[in-house]
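Summary of structural features
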Amino acid sequence: MLRLVWGILFTSFCLYTGWVYLYCDEEAKTTENIHPAVTEGWNLWQQNNCQSCHQLYGLGGYMGPDLTNIARDSTKGKPYMYTFIKHGTGRMPAFNMTDDEVYRIIDFLEWVDKSGVSQVPAEAVHWSGTYIIDK
Amino acid sequence: MPLHIRLYTKFVFLLLLATLVFGLFSSWAYLYPEVFNKYLPFYQLRPMHTSAALFFIISAATLCIIIFHKNTIGRDATTGIFEKTFITTWVATILVIFIYYSFKKFGGREYWEFPAWLALPLLLSWVLLMIGYYKGWLKCADKKPLYIWMWSTGILFFFITFIEQNLWQISWFRQSFLRELTVQWKANGSMVGAWNQMIYGSSLFLMVMISGDKTIALNKKAFFFYFLGLTNLMFNWGHHIYNLPAHGAIRHISYIISMTEWLIFISIIQSFKNKLEEARKLRHLLPYKFLVASEFWVFANLTLALFMSIPAVNRYTHGTHITVAHAMGTTIGINTMILLGVLGYALDIDKKINTGRKLFTRSYNLAQASLLIFWLSLILAGIIKGYRSVTLNINSFQQMMEPVNNVLKLFAVAGAGVAIGLGIIVVQYWQSMSDSNSNVKDVK
Ligand code: HEM
């Protein structure tokens, strides 16, 4: 009996895992192969550990702001991002990056921005407590 | 206690001390970056702290299983060889990881921020652990008590989730940001469930040993809660990514499954009276104190988690220090407490700490009281940030964070209390090992 319950749960877990990999991002089927510049920026993001202070979709460290949608903020823009990343601030350290590397990170952040909005709008909250997010 | 296990125990204690020291430094580097940025910036200290914490928890969980192995599922001539090679490769890789960190060489994902290739030796050593463990497990034909189920589940799921956690290295997973993030947090969420299985298993084993009552690891209710835990491990990782515009079903499934945890909540309240009685009988035992503490922290963190699991509430708590309260509340309050209890039992500290008993009790009380302030201040910091960013919609980050950072000063002070309290206890454990014979009695 115990083995049966375990087996059923484990099988469901495997099926769910496969489903999640394939269908969690419904539109992924139509996305073209990700641009190498983005991948490079993503790797730089990890190598410089930006995630220890910044969040993407609220996930990461909490010393700095969430950067998921900084690319669509019309008051900021590329030169603004460039200045922060290249020179740092009092609180954010400067990373010795070449201009090229800084722009790859910006490419990555622009790509992240296209995937959706981090802050869930109040209208998306369903009466049952869950969200219904329109893309 | 064989030499390799003694050395591994000392390594585990060093990891805990490192966690405390790096945690303390991180809290200062957060508050005063002007001072720290040049030599020990937050982005270096945070991974050192979180990796030390995770490696401490996972190493200590495996250590407890290795120690209790011989009394529960038996060993053969090769068990020792697998254990030793596991310990050697595991410890060596962790040391290399910290060398990389000290040179600011990163490359991995959250909590596992080391260059990605180092995941390979970690995985390899885990496989060795698995072979050694499951060989004994296969031979043990009789009805297995629940703690053996839990250890076996934990070891297996750590293996699965560790691989999953590294899938980002395959480019297909990186073609969609939503997919990559979903898989990453699916793995992270379930991995916490995996080490909880290992640790709760050892805590159950400890209860069997000190109460002498074998039925608590065999009864139906205990198995019911094991399966409930397993279901949550498998399907309740979605609360990390409620705000992600991924497939809605992930959100709904996680929300529904997480609400089954109310059953645990109710059961804790129901058994409260029995617990008090048990506590009256056993409270003179030092390791038992840690189990009492862990039960308080299970209750506190479960209450918090139940609210955070409602997406409408999560909208305010996600991305704030409430997440940190949840993370450290559980890893310190539950995992570390249980591990200190179980290791204290294995080291027979009740007999070894004689003259130091008063100091032990004081340190224990200091750690618990500080942890409560530490936890509450993180929650308060999170509430303020949630209110200011979601409700007031304050745009300037500096302005929004100002009152939050003031609360975090209290957090840093309380953190020092946690570090001193736990630090003294670890040093006492260490000293007690100088003339140690392990205390593991037979259960069969
Ligand atoms: C056994 C003890 C400890 C364990 C197991 C532990 C574990 C953790 C974990 C898992 C995180 C990641 C949290 C997240 O990402 O949400 C974290 C973050 C952190 N911990 Fe600890 N911790 C411990 C003790 C301490 C102490 C004593 C301090 C001192 C104040 C401290 C300060 C911090 C700080 C500042 C962060 C970063 C939070 C941020 O990103 O803003 N920790 N810890």
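Rules of the game
- Residues numbered from 1 in each chain as written.
- Chains lettered and ligands numbered in written order.
- Predicted model: local features only at pLDDT ≥ 70, side-chain atom pairs only at ≥ 80, totals over all residues.
- Heavy atoms only, no water.
- Disulfide = S-S within 2.5 Å.
- Buried < 20%, exposed > 50% of the residue type's maximum accessible area, 1.4 Å probe, protein only.
- Helix = DSSP H or I, 4+ residues; strand = E, 2+ residues; numbered from the N terminus.
- Polar contact = N/O pair within 3.5 Å; in protein donor to acceptor, adjacent residues only side chain to side chain.
- Contact = heavy atoms within 4.5 Å.
- Domains from an automatic or database assignment.
- Near = heavy atom within 4 Å.
- Nonpolar A, V, L, I, M, F, W, Y, C, P; charged D, E, K, R; others polar.
- 1 Å grid on protein atoms, 1.4 Å probe; cavity = no way out; pocket = protein on both sides within 12 Å on 5 of 7 lines; lining within 4 Å.
- Points joined across faces, edges and corners; volume = space filled by probe spheres on them.
- Donors = N, O, S within 2.8 Å, 3.2 Å for Na, K, Ca; no water.
- Tetrahedral: all angles 85-135°; square planar, octahedral: opposite > 155°, others 65-115°.

**Topic: the state of the cysteines**
Residues and elements named next belong to chain A. According to the stated counting rule, one finds zero disulfides over all chains in the structure shown. Cys24 supplies the cysteine sulfur nearest to Cys14, a cysteine that is in no disulfide, at a spacing of 17 Å. Looking at Cys14, the relative accessible area reads 39%, which means it is partly exposed.

**Considering the side chain of Glu113(B)**
Along the chain, the position of Glu113(B) falls in the loop between helix H4 (79-102) and helix H5 (119-139). In this structure the side chain of Glu113(B) is engaged in a polar contact, spanning 3.5 Å, whose partner is the backbone nitrogen of Tyr111(B).

**Things to note about the environment of Ala119(B)**
Relative to the helices and strands, Ala119(B) is located in helix H5. Beyond its immediate stretch of four places on either side in the chain, Ala119(B) contacts Phe114(B), Phe162(B) and Asn166(B).

**Re the domain arrangement of chain A**
Per the domain assignment, the segments making up chain A are domain 1 (1-30) and domain 2 (34-119). One C-alpha centre belongs to domain 1 of chain A, the other to domain 2 of chain A, and the line joining them spans 33 Å.

**Let's talk about the site of the ligand**
Lining the immediate environment of the ligand, one finds 27 residues, of which Tyr62(A), Arg46(B), His49(B), Tyr111(B) and Met328(B) sit closest. With respect to the ligand, the chains having nearby residues are chains A and B. Between Tyr62(A) and the ligand, the recorded distance is 3.2 Å, taken from a backbone N or O atom to an oxygen atom. One of the side-chain N or O atoms of Tyr111(B) is found 2.7 Å from an oxygen atom in the ligand. Where the shell around the ligand is concerned, the elements lending two or more residues are helix H1 (3-31), helix H3 (42-72), helix H14 (321-346) and helix H17 (397-432) of chain B. Taken together, the residues that form the shell around the ligand break down as 14 nonpolar, 12 polar and one charged.

**Some details on empty space enclosed by the protein**
Counted under the stated rule, the structure contains five cavities of 30 Å³ or more. Computed from the structure, the largest cavity encloses a volume of approximately 80 Å³. Looking at the largest cavity, the residues that line it are Trp42(A), Trp45(A), Gln46(A), Gln51(A), Leu56(A), Leu59(A), Phe108(A), Arg109(B), Glu110(B), Phe177(B), Glu180(B) and Leu181(B). Those elements that place two or more of their residues in the lining of the largest cavity are helix H2 (36-47) of chain A together with helix H7 (177-211) of chain B.

**A look at the coordination of the iron atom of the ligand**
All names here are of chain B. Protein ligation of the iron atom of the ligand involves His49 (NE2) and Met328 (SD), the donor distances falling in the range 2.0 to 2.2 Å. Around the iron atom of the ligand sit six donor atoms; with metal-centred angles ranging over 87 to 179°, the donor geometry is octahedral. A residue pair is termed long-range when its members are at least 10 positions apart, and His49 in helix H3 and Met328 in helix H14 qualify at 279 residues. The same class applies to His49 as to Met328, namely buried.

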